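Read off the chains here:
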Amino acid sequence: MGIYDFKVTARDGSETTLADYEGKVLLIVNTATGCGFTPHYEPLEAMYKEYRDQGFEILDFPCNQFADQAPGSDDEIHEFCQVKFGTEFPQFKKIDVNGETADPLFAFLATEKPFDGFGKGLKNKALEKFAGANNKKYGDKAYIKWNFTKFLVDREGNVVARFEPTFDMDEVKAAVAAAL
């Protein structure tokens, strides 16, 4: 099974496949509106505006599995993102990314690019402890460690990079530009 075989559910409940994005560079992100990383929406939207005409898409999947940081309805989350950050990239229905109810897309992404740490520094170590406690309940199905984990997919559908939320957004942008 490849990336283009996965079905996803739009905010309105309609179902589509990632085949609709074949040939594009994708950044697939699990997000939350009440997280310390929520400001990532700003550089994400700036990247989207800069690169979408070159075949770039950001696919946003809200998730409430990390300290209940995305508690709103799909419409409330969407409105927040549009009003606060002016987001225009596709936002899908809220999903789970870990455990028995994990969306198969995120299980696939995490298998293709497993977690390799949050990086160095005190802030990253603190998040590692907090995320570890949160994800303990998911055992070996704790695919995603925190909100705003980003997966980069090239035009051929290969998962080429994983960026934890602690990674510098300039690094993410450079990888997107290189993939384009």
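Calculation notes
Residue indices follow the written sequence of each chain, beginning from 1 at its first position. Given that the model is predicted, a residue must reach a pLDDT of at least 70 before its local features are reported, and side-chain atom pairs must reach 80 or more before they are shown or counted; all residues, however, enter totals for whole chains, interfaces and linings. Values shown for side chains rest on all heavy atoms present in the structure; no hydrogens or waters enter the calculation. Any pair of Phe, Tyr and Trp rings, taking the six-membered ring for Trp, is counted once the centres come within 6.5 Å. Such a pair is stacked with planes under 30 degrees apart, edge-to-face with planes over 60 apart, and tilted for the rest. Numbered from the N terminus, helices here are DSSP runs of H or I no shorter than four residues, and strands are runs of E no shorter than two. Partly exposed residues are those whose accessible area sits between 20% and 50% of the maximum for their type, while under 20% is buried and over 50% is exposed, using a 1.4 Å probe and protein chains only. A pair is scored as a salt bridge if a Lys or Arg side-chain nitrogen falls within 4 Å of a carboxyl oxygen belonging to Asp or Glu. Here, axes are lines fitted to C-alpha atoms. For helices the fit covers the stretch in contact, and angles between N-to-C directions go from 0 to 180 degrees. Note that the term roughly parallel is reserved for angles under 35 degrees, roughly antiparallel for angles over 145, roughly perpendicular for angles of 65 to 115, and oblique for everything else. Whether a crossing is left-handed or right-handed is set by the direction in which the near helix is turned from the far one by less than a right angle, anticlockwise for left-handed and clockwise for right-handed. Any two residues having at least one pair of non-hydrogen atoms within 4.5 Å are treated as being in contact. When residue character is reported, Ala, Val, Leu, Ile, Met, Phe, Trp, Tyr, Cys and Pro are called nonpolar, Asp, Glu, Lys and Arg charged, and the others, Gly included, polar. Here, nonpolar core refers to any group of buried Ala, Val, Leu, Ile, Met, Phe, Trp, Tyr and Cys residues whose side-chain atoms link them within 4.5 Å. For two strands to pair, DSSP has to find at least two bridges joining them. Starting at the helix axis, one direction is taken to each C-beta atom, and the arc is that of these directions. By the criterion applied in these results, polar contacts are pairs of N or O atoms within 3.5 Å in which, for protein atoms, one can donate a hydrogen and the other can accept it, and in which residues neighboring in sequence qualify only through two side-chain atoms.

Peer 1: What should I look at first to understand the packing of aromatic side chains in this one?
Peer 2: Describing an aromatic ring pair means giving the distance of the ring centres and the angle of the ring planes. Here the structure, examined in full by the defined rule, presents 13 aromatic pairs. On the numbers, 5.3 Å between centres and 90 degrees between planes, the contact of Tyr41 with Phe148 is edge-to-face. In this pair, Tyr41 sits in helix 1 (residues 41–51) while Phe148 sits in the loop between helix 4 (122–135) and strand 5 (150–153), placing the two residues 107 residues apart along the sequence. For Tyr41, a relative accessible area of 0% translates into the label buried. Centre to centre, the rings of Phe106 and Phe151 are 6.4 Å apart; their planes meet at 75 degrees, and the pair counts as edge-to-face.

Peer 1: Teacher, can you tell me more about the pattern of salt bridges here?
Peer 2: A pair can form between side chains of opposite charge whenever their charged atoms are brought close. By the definition in use, this model includes 8 salt bridges. As a salt-bridge pair, Arg52 and Glu88 come within 2.6 Å of each other at their nearest N and O atoms. In this pair, Arg52 is assigned in the loop between helix 1 and strand 4 (56–62) and Glu88 in the loop between helix 2 (74–85) and helix 3 (104–112), connecting sequence segments 36 residues apart. Using a relative accessible area of 31% as the deciding quantity, one classes Arg52 as partly exposed. A salt bridge links Glu100 to Lys141; its shortest N-O distance comes to 3.8 Å. Placement of Glu100 in the loop between helix 2 and helix 3 and of Lys141 in the loop between helix 4 and strand 5 is noted, with a sequence separation of 41 residues between them. For Glu100, a relative accessible area of 70% corresponds to the exposed category.

Peer 1: Can you help me understand the packing of helix 1 against helix 5 (residues 169–179) in this one?
Peer 2: Packed helix pairs are characterised by how far apart their axes lie and by the angle those axes make with each other. Between helix 1 and helix 5, whose axes approach to 11 Å, the crossing angle comes to 20 degrees. When the axes of helix 1 and helix 5 are compared, the pair comes out roughly parallel. In this structure, helix 1 crosses over helix 5, and the sense of that crossing is right-handed. Mapping the contact onto sequence places Pro43, Leu44, Met47, Glu50 and Tyr51 in helix 1 and Met169, Val172, Lys173, Val176 and Ala177 in helix 5. When grouped by side-chain class, the residues that make up the contact of helix 1 with helix 5 number 8 nonpolar, no polar and 2 charged.

Peer 1: Looking at this structure, I do not really get the nonpolar core. What am I missing?
Peer 2: One recurring pattern in soluble globular proteins: nonpolar side chains tend to sit buried together. Within the largest apolar cluster, 53 residues are counted, with the highest numbers of intra-cluster contacts made by Ile28, Leu105, Phe106 and Leu109. Setting aside chain neighbours within four positions, we find Ile28 in contact with Ile3, Leu18, Leu59, Phe61, Leu105, Phe106, Leu109, Thr149, Lys150, Phe151 and Val153.

Peer 1: Explain the sheet that holds strand 6 (residues 159–163) to me, please; I cannot follow it from the model alone.
Peer 2: Strand pairing in a sheet relies on backbone hydrogen bonds. The paired strands run either parallel or antiparallel. Strands sit in the order 4-3-5-6 across an open sheet of 4 strands; the sheet is mixed. Edge positions in the sheet fall to strand 4 and strand 6, since each has one partner strand and no second. Ignoring which end each strand starts from, the neighbouring axes of this sheet average 15 degrees apart. Contacts from helix 1 reach strand 3 (25–31), strand 4 and strand 5, with the element oriented near 150 degrees to strand 4. In the packing of helix 5 onto the sheet, contacts are made with strand 3, strand 4, strand 5 and strand 6, and the angle to strand 5 comes to roughly 15 degrees.

Peer 1: Quick question: what am I supposed to make of helix 5 here?
Peer 2: Side chains of residues three or four places apart in an α-helix project in the same direction, reflecting 3.6 residues per turn. The set of residues buried in helix 5 consists of Met169, Val172 and Val176. In a view along the axis of helix 5, the buried residues occupy a sector of 55 degrees, so they form one face of it. Exposed residues on helix 5 whose side chains face more than 90 degrees from its buried face are Asp170 and Ala178. Of the surrounding elements, those touching the buried residues of helix 5 are strand 3, helix 1, strand 4, strand 5 and strand 6. Where helix 5 begins, the side chain of Asp168 points an oxygen toward the backbone nitrogen of Asp170, at a separation of 2.6 Å.

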